[in-house]
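# Overview (structure and organization)
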Amino acid sequence: MSVTVLVGSQWGDEGKGKIVDILSEKYKIVARYQGGANAGHTVIIGDKKYVLHLIPSGILRDDVICVIGNGVVIDPTALLEEIELLEKNGIKVEGRLFISHNAHLIMPYHKLLDQIIESGDTKIGTTGRGIGPCYIDKFARKGIRIVDLLDRVELEKKIRLNLKEKNDLLKKVYEHEGLDVDMIVKEYLEFDRTIDKYIKDVPSFLNHAIAEGKSVLLEGAQGTLLDVDHGTYPFVTSSSPTSGGACTGTGIPPTKIDSVVGIVKAYTTRVGNGPFPTELLDEEGEKLRTIGAEFGATTGRPRRCGWYDAFLVAYSQMVNGITSVAITKLDVLSSFEKIKVCVAYELNGKRIKYFPTAVEQLSAVKPVYEVLDGWNEDISNCLSYDQLPAKTKEYLNFIAKHSGIKIDIISVGPKRGQTFYIDR
Ligand code: GDP
Ligand code: IMO
Ligand code: MG
């Protein structure tokens, strides 16, 4: 039985939700390890579309247990809405979802501060879900955690203490009238009633399950280039989507991880601000956005689109230790006569050896492209690797070689059935 980490290999929205749903057929437990309701993971089953923000996509298979690890920041309102929506659709959540004691709670002041900071001079283009401010409080050791919901007296004390500081900040720095303390205390004291039943000692639960031979899939949100350490800082999220984050975000030690699956989109997208070397600002970019329906699952914002960047994916392969890859949205390229792939970067006229995460450098690089022939035929009904046109196979071999990846899964449409494994 195996413990597998699943990571986004680019800037998020690679189709992680769909592939988690496919893979979870083979896993007993699926656990989210970082991020929060900034994520939007779309899964289409039959004629139903689910967009999950906090709950692992494994919840859609009724024999899978789902876990939200300590590395996740939880907006209780968003969580309860998601649970309600799933239960309305006949998906049982109670008894199948467990949340770590140590996960931090997103508070109303986190969301407000996120929005106020974004309206200032430094625009990251965040989702406005309070993610950054919540992780700031976590690392400043001021955060309020899921475990605090279990002690109403302490919870109230912590909320009042935090709000004293936050209201000072809002009033003195941001000229905001401040938040109503009593209302927030009342709202959060209520959450113990609705959330208590999901709370669990997650590290013990997961490690016992692994010791019993149960398979665990660790679901990352966002993507490698949005990682606070390894991404295009400061245009990143505030957590660790890379595979290392799976250990700190769940309490599973690195020695228990067997494999890392990278989810790689057949081209590149990014939402929010920051450098994007292969971005297409012309009609080809528009074509990718239209055919790929590249609009944010959480905010509805149009995603920036560009060619596949093998230099970037090779970096992602390295920092995550990716052992196998699922290529998604290959069908979106079907009507392009010529397809470009970035194989290297030039900086000041010279090819560089290392992926530059410093924004100043990454903004200055020139992508070096190789041009491949398109395949010009619909592949969305292909059911196996053998059925793919020769030119599609050439594209796959080319990107695999230049990114240093081994492709095991191919996705040619948003539905469950539009997925196949490559038999070797
Ligand atoms: P995630 O955040 O990585 O889970 O990805 P999102 O759900 O935000 O975005 C991926 C989008 O592409 C979703 O709308 C999926 O339904 C869709 N999708 C996933 N795989 C494929 C595919 O192979 N082809 C096409 N056309 N769409 C796909
Ligand atoms: P999934 O899991 C794509 C981006 C935001 C912004 C930056 C910081 O669906 O792939 P934040 O709200 O996290 O402080 O925003 O990160 N971002 C995502 N982009 N997919 C996501 O999640 C994202 N989550 C955050 O657009 O640029
Ligand atoms: Mg998404």
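Right, let's walk through the structure included here. Keep in mind the model is a prediction, meaning the values are calculated, not measured. (Residues numbered from 1 in each chain as written. Chains lettered and ligands numbered in written order. Predicted model: local features only at pLDDT ≥ 70, side-chain atom pairs only at ≥ 80, totals over all residues. Heavy atoms only, no water.)

### Some words on the packing of aromatic side chains
How we decide: Note on ring pairs: Phe, Tyr and Trp rings are taken, using the six-membered ring of Trp, and paired if centres are within 6.5 Å. Classes follow the plane angle, with under 30 degrees stacked, over 60 edge-to-face and the rest tilted. A run of H or I in DSSP becomes a helix once it reaches four residues, and a run of E becomes a strand once it reaches two; helices and strands are each numbered from the N terminus. Buried residues are those whose accessible area, probed at 1.4 Å on protein chains only, stays under 20% of the maximum for their type, while exposed residues exceed 50% and partly exposed ones sit between those limits. To sit over a ring, a charge needs its Lys NZ or Arg CZ within 6 Å of the ring centre and within 35 degrees of the ring normal.
Using the criterion set out here, one finds nine aromatic pairs in the structure. With a centroid separation of 5.3 Å and an interplanar angle of 55°, the aromatic rings of Trp11 and Phe276 are classed as tilted. Taken as a pair, Trp11 in the loop between strand 1 (3-8) and helix 1 (16-23) and Phe276 in the loop between strand 12 (268-270) and helix 9 (283-291) lie far apart in primary sequence, 265 residues in all. On the accessibility criterion, Phe276 (7% relative accessible area) is buried. Each ring, one from Tyr188 and one from Phe191, has its centre 4.9 Å from the other, and the planes form 85°; the classification is edge-to-face. Remark: Phe191 and Tyr188 occur in helix 6 (residues 181-195); sequence separation between them is three residues, near one turn of the helix. A relative accessible area of 2% means that Tyr188 is categorised as buried. The class for Phe191 is buried, based on a relative accessible area of 8%. Here the aromatic residues Phe311, Tyr315, Tyr345 and Phe355 are joined through ring pairs into a cluster of three or more. Lying over the aromatic face of Tyr369, Lys340 brings its terminal NZ or CZ to 5.2 Å of the ring centre. Directly above the aromatic system of Tyr385 lies the positively charged group of Lys393, at a separation of 5.3 Å from the ring centroid.

### Regarding the coordination of the magnesium ion (ligand 3)
The following threshold applies: Metal sites are built from N, O and S donor atoms within 2.8 Å, or 3.2 Å for Na, K and Ca, and they leave out water, so they may look incomplete.
Every protein donor of the magnesium ion (ligand 3) is listed here as Asp13 (OD) and Gly40 (O), and their distances to the metal cover 2.0 to 2.2 Å. Pair noted here: Asp13 is in the loop between strand 1 and helix 1 and Gly40 is in the loop between strand 2 (29-32) and strand 3 (41-45), with a separation of 27 residues, a long-range link. Overall, Gly40 belongs to the buried group, its relative accessible area being 13%.

### Some remarks on the sheet that holds strand 7 (residues 97-100)
So the rule is basically this: A pair of strands is labelled paired if DSSP reports no fewer than 2 bridges between them.
With mixed pairing, the ten strands of this open sheet are ordered in space as 9-7-5-2-10-1-11-15-19-20. On the outer flanks of this sheet lie strand 9 (199-200) and strand 20 (419-421), each paired with one strand and no other. Summarising the sheet, strand 7 and strand 9 pair through two bridges and their orientation is parallel. Looking at the pairing, Ser100 lines up with Lys200 of strand 9.

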